[in-house]
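Fold and geometry: a report
Listed below, chain by chain, are the residues.
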Amino acid sequence: MLPVAETEEQYDAIEAADLRAGVLALCEHLGLTGDVVAFDGGSLPVYAVGDDLVVKLYPPLYLHEMRIERDALRTLEGRLPIPTPGVKDAGEFHCWGYILMDRLHGEDLKQAWPKVPRHERERLAVQLGRALAELHAVTPPEVLGPADWAAFCAERAAATTEQNRRRGLDEAWLAQIPNFLASVDLEPDETVLLHTEFMHVHVLVREEAGAWRLSGLFDFEPAMRGAREYDLVAVGIFLTRGDRSLMRAFLDGYGYPEERRAALPRTVMAYALLHVYSHLPWYFQEVPAPGAATFDELADHWFGV
């Protein structure tokens, strides 16, 4: 009932209408009732089932991501100061993976941010920092990789120049990548559970009596085990967005040591290049950096405190 999706090309060719019959069959198989409504956006298909449940689908070529998200969510359930979806069921159906999980409620931070007053933004930044620190304190499930962080960084260093070239990064920046990466010490004190996309569209908030609170954190299929600063790439670009006071508030909430903050921008800039989804042209659109001509200047502009 679900379409064949063994390759990227097959998956990219699937239309929403191609999935609906399979999703309805899956819901019947699981004994679910209620309206089934697709969420917009996202890299994987997600459907609300009634008011309280969500079904997320994983095509065969991404079946490993189901196991990652399932184990990450089970590991984190009830352990953070921000709700994460509880797993009700997980398995395979017509070669696709699925997770049936609790539905989180609220408005994503990207939509809500223009309505949030300045003092509330700083308070939310502190809360988000605290939430990420508590996430990083949880022992990662065994399914998460990479097994060797240094080898992962070396592999990404070899790939990122061409990856960003394909995405349209100017040659003046591309030429600087190897020397900049070679100049940054990326030996982590420990490896931790990483969300990897701790960004505005994955955080939900709600307003109650004039105060904004965190109401959800989701999308754990890219979760990894690695250096804590890797998670600060998405924070700097999509949450604090080059705002130094917000970055300081976030790091205060996180409890990031003061004595290590001076070196932090260069470290996070290196991970912005090494990130699996590294896309500097997109980052420049999100947080323009007029006048920046070197990665040291860019690091200070995007991640400085």
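Look up a bit, the structure's there.
Residues numbered from 1 in each chain as written. Predicted model: local features only at pLDDT ≥ 70, side-chain atom pairs only at ≥ 80, totals over all residues. Heavy atoms only, no water.

**Considerations on the overall build of the chain**
The line we're drawing: Helix and strand definitions here come from DSSP, where helices need a minimum of 4 consecutive H or I residues and strands a minimum of 2 consecutive E residues; each element is numbered from the N-terminal end. This radius of gyration counts C-alpha atoms alone. The globule rule is 2.2 Å times how many residues there are, raised to the power 0.38. Relative accessible area decides the class of each residue, using a 1.4 Å probe on protein chains only: under 20% of the type maximum gives buried, over 50% gives exposed, and in between gives partly exposed.
Counting its secondary structure elements, the chain contains 13 helices and 10 strands. Its C-alpha radius of gyration of 20 Å places the chain within 12% of the 19 Å reference for a compact globule of 305 residues. For the chain, the C-alpha atoms occupy an extent of roughly 55 × 50 × 35 Å along the three principal directions. Considering the chain as a whole, with its 305 residues, one finds that 53% of them fall into the buried category.

**Considering the nonpolar core**
Note the threshold: Put simply, buried Ala, Val, Leu, Ile, Met, Phe, Trp, Tyr and Cys residues joined by side-chain atoms within 4.5 Å make one nonpolar core.
Met 269, Leu 280, Leu 298 and Trp 302 are the most contacted members of the largest nonpolar core, which has 106 residues in total. At eight residues, the largest contribution of residues to this core is made by helix α11 (residues 264-274).

**What to know about the packing of α11 against helix α13 (residues 295-303)**
Operational definition: Here an axis means a line fitted to C-alpha atoms, over the contact stretch when the element is a helix, while the angle between two N-to-C directions is reported on a 0 to 180 degree scale. Roughly parallel here means an angle under 35 degrees, roughly antiparallel means over 145, roughly perpendicular means 65 to 115, and every remaining angle is called oblique. Here a residue-residue contact requires only that any non-hydrogen atoms of the pair lie within 4.5 Å. Residues are sorted three ways: Asp, Glu, Lys and Arg are charged, Ala, Val, Leu, Ile, Met, Phe, Trp, Tyr, Cys and Pro are nonpolar, and all the rest, Gly among them, are polar.
One way to put it is that α11 packs onto α13 with a least axis distance of 8 Å and a crossing angle of 100 degrees. Judged on the interaxial angle alone, α13 and α11 are roughly perpendicular. For the pair α11 and α13, the contacting residues are Pro 265, Arg 266, Val 268, Met 269, Ala 272 and Leu 273 in the first and Phe 295, Asp 296, Leu 298, Ala 299, Asp 300, Trp 302 and Phe 303 in the second. Classifying every residue of the contact of α11 with α13 gives 10 nonpolar, no polar and three charged.

**What to know about the packing of aromatic side chains**
Think of a pair of aromatic rings as described by two things: how far the centres are apart, and how the planes are tilted against each other in angle. What counts is decided by this rule: Only Phe, Tyr and Trp rings take part, Trp by its six-membered ring, and two of them pair if their centres are within 6.5 Å. Stacked means planes under 30 degrees apart, edge-to-face means over 60, and tilted covers everything else.
On inspection of all chains with the given rule, the structure shows 18 aromatic pairs. Ring geometry for Phe 198 versus Phe 250: centroids 6.3 Å apart, planes at 70 degrees, classification edge-to-face. One end of the pair, Phe 198, is in the loop between β7 (192-194) and β8 (203-208); the other, Phe 250, is in helix α10 (residues 244-254), with 52 residues separating them in the sequence. A centroid spacing of 6.2 Å and a plane angle of 50 degrees characterise the contact between Tyr 254 and Tyr 256, whose relative ring orientation is tilted. By the burial criterion, Tyr 254 is buried, and Tyr 256 matches it. What links up through ring pairs into an aromatic cluster is the set Trp 173, Phe 180, Phe 238, Trp 282, Tyr 283, Phe 284, Phe 295, Trp 302 and Phe 303.

**Topic: the pattern of salt bridges**
Rules: The rule for a salt bridge is simple: a side-chain nitrogen of Lys or Arg has to be within 4 Å of a carboxyl oxygen of Asp or Glu.
If you walk through the whole model with that rule in mind, you get 22 salt bridges. Residue Glu 258 is joined to Arg 261 by a salt bridge in which the shortest nitrogen-to-oxygen separation is 3.6 Å. Classification of Arg 261 as buried rests on a relative accessible area of 7%. Residues joined in a network through salt bridges with shared partners are Asp 189, Glu 190, Arg 228, Glu 229 and Arg 260.

**Quick look at α13**
Since one α-helical turn is 3.6 residues long, residues separated by three or four positions face the same way. Under the convention used in this document: By arc we mean the arc of the directions from the helix axis to the C-beta atoms, nothing more.
Listed in full, the buried residues belonging to α13 are Phe 295, Leu 298, Ala 299, Trp 302 and Phe 303. One side of α13 holds all its buried residues, which, seen down the axis, span an arc of 105 degrees. On its buried face, α13 is in contact with α7 (171-174), α8 (177-182), α9 (232-239), α10, α11 and α12 (280-286).

**A word on the side chain of His 275**
Filter applied, for reference: Polar contacts here mean pairs of N or O atoms no more than 3.5 Å apart (in protein, one a potential hydrogen donor and the other a potential acceptor; neighbouring residues in sequence count only if both atoms are side-chain atoms).
Secondary-structure assignment places His 275 in the loop between α11 and α12. Since its relative accessible area comes to 5%, His 275 is described here as buried. Within the structure, the side chain of His 275 is placed 3.0 Å from the backbone oxygen of Thr 196, a separation counted as a polar contact.

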